[in-house]
Amino acid sequence: MSVAIEGGRVPALLQQLKPVEPSRSLGSSHSQSDPLRIALVNNMPDPALEDTELQFFELLSAAAGDTAVSLKFFSLPNLPRTAVGQRHLNSFYSGVEDLLSTQFDGAIITGTEPRRPNLREEPYWQALVDVLEWAENNTASAVLSCLAAHAGVLASDDIPRHPLGEKQFGVFEYRKMSSHALTKGIGDGMRIPHSRWNEVKADALAARGYEILTQSESAGVDLFVKQRKRSLFVHFQGHPEYSTRTLLKEYRRDIKRFLRRERETYPSMPHGYFAEPATQLLAEFRQKAMTERREEMLAEFPEAEVAATVQNGWQASASVVYRNWLQHLVARRAENPSLLAMAPATRAGLARARWSPNL
């Protein structure tokens, strides 16, 4: 594979993808033969933490071709973690203070599960703002995924997100709205999975200088970009990195929450995702679950039968977009070989002071 993990240890899920080796140590000067260095700032909740590592690793591997990529893991502080999740971070992740004292070719910043309606009230908000500001000056491009995209436009341009009447959940068709290097080769559009309760609107984005690359009449904007200082910020409201069965896992999780009475309504099936035989099986299970609303019913959920029918209709387009993104990083590396010089250490010191629980 063309993607390696930077550092000494490889998480267990990635060890199953042979060969996966730690990348070699990288110094402060780099030739064009050196791997592209990408920081994955993975903020997903504990149940999705390792799946997200795997999803981005596989997507970058499919996109990289002959381009060597070195991936390093980070996560924001002040996110709720179990003891198991924190041990995983301690074993395989570096602190954000290390991120802020270094430069990378690119960064991928994930969202997380929102806890408060106002993102500025989230306990990790200031740390996320610091990472976004760091990315403007210390990457050639940064990908902001889902909630991170919402946070990015709020922090930089005061664009609010708007709650949806129901969850945007499933696989949706998006039309290509303009010619851009990132969407070269996807044809007239692409299918992308979404799983969100909020959106940012096209008119607000356009009014503040964002270029909208893909949009759907029924599902709004997906991919949009804006140059921020040295870095091209790439925003996805959806999840091109999702694996084939991710939406099925999320649907089962939401059903479990219903059966445990953690939510009032039975979740809707993901749009454009299940074939007719699977839809019928799931409808039959829904009838049983509505009649006998108890957690034990989950044992009858037809997960294996449904999983066998699910097809991935977005991976090819997602790989094209990420291949184009990696080529953008390669071009920027060639234009500016000094991009990966060390960033000022004082920047990290300021960030640490802001987050310190003792202040």
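Residues numbered from 1 in each chain as written. Predicted model: local features only at pLDDT ≥ 70, side-chain atom pairs only at ≥ 80, totals over all residues. Heavy atoms only, no water.

## Some points on the packing of helix 2 (residues 46-64) against helix 11 (residues 315-335)
Consideration 1: Look at helix 2 against helix 11: their axes get within 8 Å of each other, and the N-to-C directions meet at 70 degrees. On the basis of their axis angle, the class for helix 2 and helix 11 is roughly perpendicular. Counted together, Phe56, Leu59, Leu60, Ala62, Ala63 and Ala64 of helix 2 and Ala318, Ser319, Tyr322, Arg323, Trp325 and Leu326 of helix 11 form the full contact between these two elements.
Consideration 2: Tallied by class, the residues present in the contact of helix 2 with helix 11 amount to 10 nonpolar, 1 polar and 1 charged. (Axes fitted to C-alpha atoms, helices over the stretch in contact; angles between N-to-C directions. Helix = DSSP H or I, 4+ residues; strand = E, 2+ residues; numbered from the N terminus. Parallel < 35°, antiparallel > 145°, perpendicular 65-115°, else oblique. Contact = heavy atoms within 4.5 Å. Nonpolar A, V, L, I, M, F, W, Y, C, P; charged D, E, K, R; others polar.)

## Considering the pattern of salt bridges
Consideration 1: Enumeration over the complete set of coordinates arrives at 22 salt bridges.
Consideration 2: The partner of Asp46 in a salt bridge is Arg81, with the nearest N and O atoms 2.8 Å apart. Placement of Asp46 in helix 2 and of Arg81 in the loop between strand 4 (69-74) and helix 3 (83-92) is noted, with a sequence separation of 35 residues between them. No difference in accessibility class separates Asp46 from Arg81, as the two residues are buried.
Consideration 3: In this structure, Lys167 engages Asp254 in a salt bridge whose closest nitrogen and oxygen atoms are separated by 3.1 Å. Of this pair, Lys167 sits in strand 7 (residues 162-176) while Asp254 sits in helix 8 (residues 246-259), placing them 87 residues apart in sequence. Accessibility classification places Lys167 together with Asp254 in one group, the buried group. (Salt bridge = Lys/Arg side-chain N within 4 Å of Asp/Glu carboxyl O. Buried < 20%, exposed > 50% of the residue type's maximum accessible area, 1.4 Å probe, protein only.)

## A closer look at the nonpolar core
Consideration 1: Tyr322, Trp325 and Leu326 are the most contacted members of the largest nonpolar core, which totals 44 residues.
Consideration 2: With 8 residues, helix 2 is the largest single contributor of residues to this core.
Consideration 3: Apart from residues lying up to four places away in sequence, Tyr322 is in contact with Phe56, Leu59, Leu60, Ala63, Ile108, Val143, Phe236 and Pro240.
Consideration 4: Leu76, Leu79, Leu119 and Ala151 belong to the second largest nonpolar core, which has 29 residues in total. (Core = buried A, V, L, I, M, F, W, Y, C linked by side-chain atoms within 4.5 Å.)

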